[in-house]
Amino acid sequence: EAKKNGFDYIGTEHLLLGIIKEADSVAMRILLTLNANIQRIYSDISKIANEDILEFSSKMSRVHVALKPYLKDAVKKNAETGVGVIRPLFFYYDEKKAYNEGYEYMLGRDILVAPVLRPNATKRKVYLPKDEWIHLWTQKEYKGGEYEVDSPYGQIPVFIRKNAQYNVLKDLLK
């Protein structure tokens, strides 16, 4: 392989393979987060009717489709700049709590995800950096701070920046 400036030159096919692997990794993380809720549902299946499961699956499919252009743009930025699609809060917010938060993350620039980590939890304490946020499921607006939000089955806490580049919220709620 050729050397350029003392570094091994990576061929185009290797670069494309890396981009594809990153996109797969991002998609897997998103699916794992969404599937955590499916697992919560199936852990107590006796309380849930089959119609509810079908409705939930349909809803998550619509979310997946609505996120496609947003994620495609985030993966493109990753390929061009090396900035990960999933980012720590401190990537955009220079706040002490943003540096200490180990579970919440930014999905691209405009979506904050707070995974539910406790089995059977129906509420989740979230930290929102100083910005204006809209809760995905209720459309309630929040300022930065700490809040306890409902996290019923199928509705992990997800917040969209009010001044998002894309109108992600509108696309997700179609």
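Counting of residues starts from 1 at the beginning of each chain's written sequence and follows it residue by residue. For this predicted model, a pLDDT threshold of at least 70 governs which residues receive local features, and a threshold of 80 or more governs which side-chain atom pairs are given and counted, while totals over whole chains, interfaces and linings are taken from all residues. Water and hydrogen atoms were dropped before computing side-chain values, which therefore reflect all heavy atoms in the structure.

Describing the overall build of the protein chain
Okay, step 1: Starting at the N terminus, helices and strands are each numbered in turn, a helix being any DSSP run of H or I of at least four residues and a strand any DSSP run of E of at least two. A count of helices and strands for the protein chain gives four helices and eight strands.
Okay, step 2: Ordered by position in the sequence, the α and β elements of the protein chain form the string β-β-α-α-β-α-β-β-β-β-β-α.
Okay, step 3: Accessibility here uses a 1.4 Å probe with only protein chains present; expressed as a share of the type maximum, an area under 20% marks a residue as buried, one over 50% as exposed, and anything in between as partly exposed. The buried share among the 174 residues of the protein chain stands at 38%.
Okay, step 4: Two residues qualify as a contact provided that any one of their heavy atoms is within 4.5 Å of a heavy atom in the partner residue. The long-range fraction of contacts in the protein chain, counting pairs at least 24 apart against all pairs at least 6 apart in sequence, stands at 51%.
Okay, step 5: Accessible surface is estimated by sampling points in the Shrake-Rupley manner with a 1.4 Å probe; for residues, cover comes only from the protein chains shown. Accessible surface computed for the protein chain: about 11,000 Å², of which carbon and sulfur atoms make up 55%.

Focus: helix H2 (residues 50-81)
Okay, step 1: The end-to-end C-alpha distance of H2, which contains 32 residues, comes to 45 Å, matching closely the 46 Å that a straight helix rising 1.5 Å per residue would cover.
Okay, step 2: Looking only at H2, the buried set comprises Ile53, Phe56, Met60, Val63, Ala66, Leu67, Tyr70, Leu71, Ala74, Val75 and Asn78.
Okay, step 3: One or two steps after H2, the chain reaches Gly82, where phi turns positive at roughly 85°. One less than the residue count of a helix, multiplied by 1.5 Å, gives the span that helix is expected to have.

Regarding the environment of Lys162
Okay, step 1: Positionally, Lys162 belongs in the loop between strand E8 (158-161) and helix H4 (168-172).
Okay, step 2: On the basis of relative accessibility, which here comes to 38%, the residue Lys162 falls in the partly exposed class.
Okay, step 3: C-alpha of Lys162 to C-alpha of His135: the two residues are 27 residues apart in sequence and 9.6 Å apart in space.
Okay, step 4: Apart from residues no more than four positions distant in its own chain, Lys162 is found in contact with Glu132, Trp133, Ile134 and Glu141.
Okay, step 5: Polar side-chain contacts of Lys162 include one of 2.9 Å to the side chain of Glu141. In protein, a polar contact requires one atom able to donate a hydrogen and another able to accept it; more generally it is a pair of N or O atoms within 3.5 Å, and residues adjacent in sequence count only if both atoms are side-chain atoms.

Topic: the nonpolar core
Generally speaking, a soluble globular protein has its nonpolar side chains buried in company with each other.
Okay, step 1: Each nonpolar core is a collection of buried residues, namely Ala, Val, Leu, Ile, Met, Phe, Trp, Tyr and Cys, held together in the definition by side-chain atoms within 4.5 Å. Judged by nonpolar contacts, the single largest core of 21 residues is most densely connected at Leu107, Ile111 and Val158.
Okay, step 2: Taken together, the elements giving at least two residues each to this core come down to H2, strand E4 (105-107), strand E5 (111-113) and E8.
Okay, step 3: If you look at the next biggest cluster of nonpolar residues, it comprises 13 residues, including Tyr127, Leu128, Tyr142 and Phe159.

Some thoughts on the sheet that holds strand E3 (residues 86-87)
Okay, step 1: The sheet built from six strands is open, its strands ordered E3-E4-E5-E8-E6-E7 with antiparallel pairing. Among the strands making up the open sheet, the edge pair consists of E3 and strand E7 (141-150). Here, a strand pair is defined by DSSP locating no fewer than two bridges between the strands.

Re the pairing of strand E6 (residues 123-135)
Okay, step 1: Bridge count for E6 against E7 is nine bridges, and the pairing is antiparallel. Bridge pairing in E7 places Tyr127 opposite Glu146.
Okay, step 2: Linking E6 to E7, which pair antiparallel, is a turn of five residues; within it Gln139 sits at a positive phi near 65°.
Okay, step 3: Pairing analysis gives three bridges linking E6 to E8, with the strands arranged antiparallel. The residue of E8 that forms the bridge with Ile134 is Ile160.

A look at the packing of aromatic side chains
Okay, step 1: Here is the rule: rings of Phe, Tyr and Trp (six-membered ring for Trp) pair when centre to centre is within 6.5 Å. Planes less than 30 degrees apart are stacked, more than 60 are edge-to-face, and the remainder are tilted. Under the criterion given, the structure shown has five aromatic pairs.
Okay, step 2: For the ring pair Tyr142 and Tyr147, a centre distance of 4.7 Å and an interplane angle of 75° mean the geometry is edge-to-face.
Okay, step 3: Here, a charge over a ring is recorded when the distance from Lys NZ or Arg CZ to the ring centre is within 6 Å and its angle to the ring normal is within 35 degrees. Directly above the aromatic system of Tyr92 lies the positively charged group of Arg109, at a separation of 4.1 Å from the ring centroid.

Just geometry here; none of it tells us what the structure is for.
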